[in-house]
Amino acid sequence: MAEKRNIFLVGPMGAGKSTIGRQLAQLLGMDFIDTDTEIEQRAGADISWIFDVEGEDGFRKREERIINELTQKQGIVLSTGGGAVLSKDNRNHLSARGIVIYLETTVDKQFQRTQRDKKRPLLQNVDDPRQVLEELAQIRNPLYREVADITLPTDEQSAKVMAGQIVDLIENFNG
């Protein structure tokens, strides 16, 4: 790849966006940025605290500002939060400013990957986390598909293998 196009990873929590994103950035010699980490660093607080104090709306406003700013950079691999696609502005910025890869996963796999994770505000203090994941999938999966240039299932592969597949796909991508 002569010019380094931005690569934006979208998908639900537990799809592997951060893990695969780091591997991908390393393979391509690009910078890796995770929007949730960026939000936490700038706020000086973790996502759960932001959700508690500002609610989901406050968090989403922060997320929109960060995505607008970061998608204007060049040559980055950006891992977005699972709900980033809820914003039409975010979807437009992602689509216009890079190659969007939807890392697809099943609710069963998400549940396995997130059940011990205490840093998922939407899964905390709920009676049935699996039900929450299913409800989120109903709303968000069509939005991931809408914004994606490439869709890849992540359930059966390691992050390293997935990163390699993405490199191959991007080299053939002329979108």
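You'll find the structure just up there.
Residues numbered from 1 in each chain as written. Predicted model: local features only at pLDDT ≥ 70, side-chain atom pairs only at ≥ 80, totals over all residues. Heavy atoms only, no water.

Enquirer: How should the packing of helix α2 (residues 35-43) against helix α3 (residues 47-70) be read in this particular structure?
Expert: Describing two packed helices takes the angle between their axes plus the distance from one axis to the other. Interaxial distance between α2 and α3 falls to 9 Å at its minimum, and their mutual angle equals 110 degrees. By the angle class used here, α2 and α3 are roughly perpendicular. You can see that α2 and α3 cross each other, and the crossing is right-handed. Contact residues: α2 offers Thr35, Asp36, Glu38, Ile39, Glu40, Arg42 and Ala43, while α3 offers Ile47, Ile50, Phe59, Arg62, Glu63, Ile66, Ile67, Glu69 and Leu70. For the contact of α2 with α3, the per-class residue count stands at eight nonpolar, one polar and seven charged. (Axes fitted to C-alpha atoms, helices over the stretch in contact; angles between N-to-C directions. Helix = DSSP H or I, 4+ residues; strand = E, 2+ residues; numbered from the N terminus. Parallel < 35°, antiparallel > 145°, perpendicular 65-115°, else oblique. Left-handed = near helix turned anticlockwise from the far one by under 90°. Contact = heavy atoms within 4.5 Å. Nonpolar A, V, L, I, M, F, W, Y, C, P; charged D, E, K, R; others polar.)

Enquirer: Looking at this structure, how should I read the nonpolar core?
Expert: Val10, Leu78 and Leu94 are the most contacted members of the largest nonpolar core, which has 22 residues in total. If one sorts the elements of this core by residue count, α3 sits on top with seven residues. When near neighbours in sequence (up to four residues on either side) are disregarded, leucine 78 contacts Ile7, Phe8, Leu9, Ile33, Thr35, Leu70, Thr71 and Leu94. One finds Met30, Val77, Leu152 and Met162 within the second-largest nonpolar core, a separate group that totals 20 residues. (Core = buried A, V, L, I, M, F, W, Y, C linked by side-chain atoms within 4.5 Å. Buried < 20%, exposed > 50% of the residue type's maximum accessible area, 1.4 Å probe, protein only.)

Enquirer: Any chance you could explain the sheet that holds strand β4 (residues 99-104) here in plain terms?
Expert: Hydrogen bonds between backbone atoms are what pair the strands of a sheet, whose relative direction is either parallel or antiparallel. With parallel pairing, the five strands of this open sheet are ordered in space as β2-β3-β1-β4-β5. Lying at the two open borders of the sheet, with one neighbouring strand each, are β2 (31-34) and β5 (150-153). Pairwise comparison of adjacent strand axes, ignoring direction, gives a mean angle of 20 degrees for this sheet. Sheet analysis places β2 next to strand β3 (residues 76-79), joined by four bridges and oriented parallel. Bridged to aspartate 31 within β3 is isoleucine 76. (Pairing = 2+ DSSP bridges.)

Enquirer: What is the right way to look at the pattern of salt bridges in this model?
Expert: A side chain with one charge may pair with a side chain of the opposite charge, provided their charged atoms come close. As enumerated under the stated definition, the model contains seven salt bridges in all. Across the pair glutamate 54 and arginine 62 runs a salt bridge whose closest N-O atoms are separated by 2.6 Å. A residue is classified by how much of its surface remains accessible, and glutamate 54, at 30% relative accessible area, is partly exposed. Glutamate 56 is the salt-bridge partner of arginine 60, the closest N and O atoms lying 3.0 Å from each other. Here arginine 60 and its partner glutamate 56 are both found in helix α3, four residues apart, which amounts to about one turn of the helix. (Salt bridge = Lys/Arg side-chain N within 4 Å of Asp/Glu carboxyl O.)

Enquirer: How do you make sense of the environment of lysine 4 when you look at a structure like this?
Expert: Of note, lysine 4 is situated in the segment before β1 (7-10). Measuring from C-alpha to C-alpha, the distance between lysine 4 and isoleucine 99 comes to 11 Å, with 95 residues separating the pair along the chain. Dropping the residues within four chain positions of it, lysine 4 is found in contact with Leu28, Gly29, Met30 and Gly75.

Enquirer: What should I look at first to understand the packing of aromatic side chains in this one?
Expert: The relative placement of two aromatic rings is captured by the distance of their centres and the angle of their planes. The final tally for this structure, using the stated rule, is two aromatic pairs. On the numbers, 5.1 Å between centres and 35 degrees between planes, the contact of phenylalanine 51 with phenylalanine 59 is tilted. For phenylalanine 59, a relative accessible area of 2% translates into the label buried. (Phe/Tyr/Trp six-rings, centres within 6.5 Å; stacked < 30°, edge-to-face > 60°.)

Enquirer: Can you walk me through α3 in this structure?
Expert: Because the α-helix completes a turn every 3.6 residues, residues three or four places apart line up on one side. Between the first and last C-alpha of α3 there are merely 18 Å, a value that for 24 residues lags more than 12% behind the 34 Å anticipated at 1.5 Å per step. Along α3, the helix axis deviates most sharply at glutamate 54, where the bend reaches about 115 degrees. Regarding α3, the residues found buried are Ile47, Ser48, Ile50, Phe51, Gly58, Phe59, Arg60, Glu63, Ile66, Ile67 and Leu70. (Expected span 1.5 Å × (residues − 1). Bend = angle between axes of the 7 residues up to and from the residue.)

Enquirer: Is there a simple way to think about the pairing of β3 in this case?
Expert: The side chains of a regular strand alternate, residue by residue, between the two faces of the sheet. Here β3 shows two buried faces, one formed by Ile76 and Leu78 and the other by Val77 and Ser79. Pairing analysis gives three bridges linking β1 to β3, with the strands arranged parallel. Each bridged residue has a counterpart across the sheet, and for phenylalanine 8 the counterpart in β3 is leucine 78.

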